Amino acid sequence: MYTITTVFSLSKERNVKMQGYRIHFIRHAITVANEEGRYVGVTESEVSQRGRTELRRKLDNFIYPPADKVYVSPMKRCIATASFIYPEGYARVVPELREMNFGAFEGKKATELMGRPDYKQFLKGGLDNPAPNGESMRHVIERLYEGMEFIVEDMMKNGYKNAAVVTHGGIIMNIMSCFGLPKMNPNEFACDFGEGFSVMVTAQLWQTAKAFEILGRLPYTAGDESDGFEDFGDED
């Protein structure tokens, strides 16, 4: 009896490690500030009429994957987008999914900042080159590791096979670049509003490499659920 129980336990543990969990990262709908070309990180800006119209059009013409659980940035634009795409889904706010804090540049247009020495310095990029009174890229990445750790563990603990993560464009780019396989430059993961990427994570891959497999872009057309998944990242 002891031997049978042990073999069963090992088999169950192996199945858990190989079980695939799909996560669907979605960028929020366009906001009023986005349309005006303003920096909006921690600044609230409502989804615009154009944003609602475009999102409705995508819902009418494309398919968003189902989600057992929805994880969302605390910003209202993300919460509104999540409730629009997944009206019956339970959304869990994950503070680590918030956009970068652009400090002194919050709410300003690039045209208003051109010529400022601190803005020219900021545009040089780098892990430790934040906007004045803003957040560094290093800190953003550190909190994204914490946020992804929570999401993956929560999915595995509760048996959620599919989850949606509604957050910001820059956040998606960095998550995909940090954790995604194949490895690619963050700019390769730029996506339009209301769009994003699907990934697959297993317990074994996450525990050994803190990584997931990139499946492809979303939303997709009816009958083409695998469109772009198999060849994602391949060269033309």
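Residues numbered from 1 in each chain as written. Predicted model: local features only at pLDDT ≥ 70, side-chain atom pairs only at ≥ 80, totals over all residues. Heavy atoms only, no water.

### Some remarks on the overall build of the chain
Stage number 1. For the chain, the count of helices and strands is nine helices and seven strands.
Stage number 2. The buried share of the chain, reckoned over its 236 residues, is 42%.
Stage number 3. Counting contacts in the chain only where the partners sit at least 6 residues apart, residues at least 24 apart contribute 69% of the total.
Stage number 4. With the model as given, the accessible surface of the chain reaches about 12,500 Å², and the carbon-plus-sulfur share is 51%. (Helix = DSSP H or I, 4+ residues; strand = E, 2+ residues; numbered from the N terminus. Buried < 20%, exposed > 50% of the residue type's maximum accessible area, 1.4 Å probe, protein only. Contact = heavy atoms within 4.5 Å. Areas by Shrake-Rupley, 256 points an atom, 1.4 Å probe, with all protein chains shown as cover.)

### Some points on the pattern of salt bridges
Any two side chains of opposite charge can pair, so long as their charged atoms come close to each other.
Stage number 1. Applying the stated criterion across every chain, the model contains 10 salt bridges.
Stage number 2. Close ionic contact of Asp128 with Arg138 constitutes a salt bridge, the shortest N to O distance being 2.7 Å. With Asp128 in the loop between helix H6 (117-122) and helix H7 (137-158) and Arg138 in helix H7, this residue pair connects regions lying 10 residues apart in the sequence.
Stage number 3. Of the residues examined, Arg138 reaches a relative accessible area of 37% and is grouped as partly exposed.
Stage number 4. With its nearest N and O atoms 3.7 Å apart, the salt bridge here joins Glu149 to Lys210. Note that Glu149 is positioned in helix H7 and Lys210 in the loop between helix H9 (203-209) and strand S7 (212-218), a separation of 61 residues in sequence. (Salt bridge = Lys/Arg side-chain N within 4 Å of Asp/Glu carboxyl O.)

### Observations concerning the pairing of strand S1 (residues 20-27)
Stage number 1. Within S1, six of the eight residues are buried, leaving the element largely enclosed by the surrounding structure.
Stage number 2. Pairing geometry for S1 and strand S4 (residues 162-167), over six bridges, is parallel. Note that in S4 the partner of Phe25 across the bridge is Val165. (Pairing = 2+ DSSP bridges.)

### Topic: the confidence of the model for the chain
Stage number 1. Looking at the chain, pLDDT values average 90 and 86% of them are 70 or higher.
Stage number 2. Low pLDDT, under 50, characterises residues 1-14; the stretch is placed with zero contacts to residues that sit more than four places away or in other chains.
Stage number 3. Low pLDDT, under 50, characterises residues 227-236; the predicted model gives this stretch 17 contacts beyond four residues in sequence or across chains. (pLDDT = per-residue confidence, 0-100.)

### A closer look at the environment of Ala29
Stage number 1. Mapped onto the elements of the fold, Ala29 is located in the loop between S1 and helix H2 (32-35).
Stage number 2. You can call Ala29 buried: its relative accessible area is 3%.
Stage number 3. Ala29 sits 25 residues away from Glu54 along the chain, and the two C-alpha atoms are 7.9 Å apart.
Stage number 4. The contact partners of Ala29, leaving out residues within four places of it in the chain, are Asn34, Val47, Gly51, Leu55, Thr81, Phe193 and Gly194.

### A word on the nonpolar core
Stage number 1. Of all hydrophobic cores here, the largest spans 38 residues; its most connected members are Ile23, Phe25, Met148, Ile151, Ile175, Met176 and Phe212.
Stage number 2. Every element with two or more residues in this core is listed here: S1, H6, H7, S4, helix H8 (169-179), strand S6 (196-202) and S7.
Stage number 3. Residues within four places of Met148 in sequence aside, it is in contact with Ile23, Phe25, Ile175, Phe179, Trp206 and Phe212. (Core = buried A, V, L, I, M, F, W, Y, C linked by side-chain atoms within 4.5 Å.)

### Some words on the sheet that holds S1
Stage number 1. A sheet is described by the order of its strands in space; here seven strands give the open sequence S3-S2-S4-S1-S6-S7-S5, paired in mixed fashion. Looking at which strands have only one partner, the edges of the open sheet turn out to be strand S3 (91-93) and strand S5 (180-181).
Stage number 2. Each of S1, strand S2 (69-72), S3, S4, S6 and S7 is contacted by H7, which is oriented at about 135° to S1, the strand it contacts most. (Axes fitted to C-alpha atoms, helices over the stretch in contact; angles between N-to-C directions.)

### What about empty space enclosed by the protein?
Stage number 1. Throughout the structure, instances matching the rule amount to one cavity of 30 Å³ or more.
Stage number 2. Its volume calculated, the largest cavity comes out at about 30 Å³.
Stage number 3. As for the largest cavity, its lining consists of Ala29, Ile30, Gly51, Glu54, Leu55, Lys58, Phe193 and Gly194.
Stage number 4. Residues of the lining of the largest cavity, tallied by class, amount to four nonpolar, two polar and two charged. (1 Å grid on protein atoms, 1.4 Å probe; cavity = no way out; pocket = protein on both sides within 12 Å on 5 of 7 lines; lining within 4 Å. Points joined across faces, edges and corners; volume = space filled by probe spheres on them. Nonpolar A, V, L, I, M, F, W, Y, C, P; charged D, E, K, R; others polar.)

### Let's talk about H7
Since the α-helix turns once every 3.6 residues, residues separated by three or four places project in the same direction.
Stage number 1. The terminal C-alpha atoms of H7, which comprises 22 residues, lie 31 Å apart, in line with the 32 Å expected from a rise of 1.5 Å per residue.
Stage number 2. For H7, the secondary structure elements touched by its buried residues are S1, S2, S4, H8, H9 and S7.
Stage number 3. Positioned one or two residues after H7, Gly159 has a phi angle of 75°, which is positive. (Expected span 1.5 Å × (residues − 1).)

### As for the packing of helix H3 (residues 49-61) against helix H4 (residues 76-85)
Stage number 1. Orientation of H3 relative to H4, taken along the N-to-C sense of each, is 30°, at an axis distance of 11 Å. For the element pair H3 / H4, the angle class is roughly parallel. With respect to the hand of their crossing, H3 and H4 are arranged in right-handed fashion. Contacts between H3 and H4 involve Arg52, Leu55, Arg56 and Leu59 on the former and, on the latter, Thr81, Phe84 and Ile85.
Stage number 2. In terms of residue class, the contact of H3 with H4 is made up of four nonpolar, one polar and two charged. (Parallel < 35°, antiparallel > 145°, perpendicular 65-115°, else oblique. Left-handed = near helix turned anticlockwise from the far one by under 90°.)

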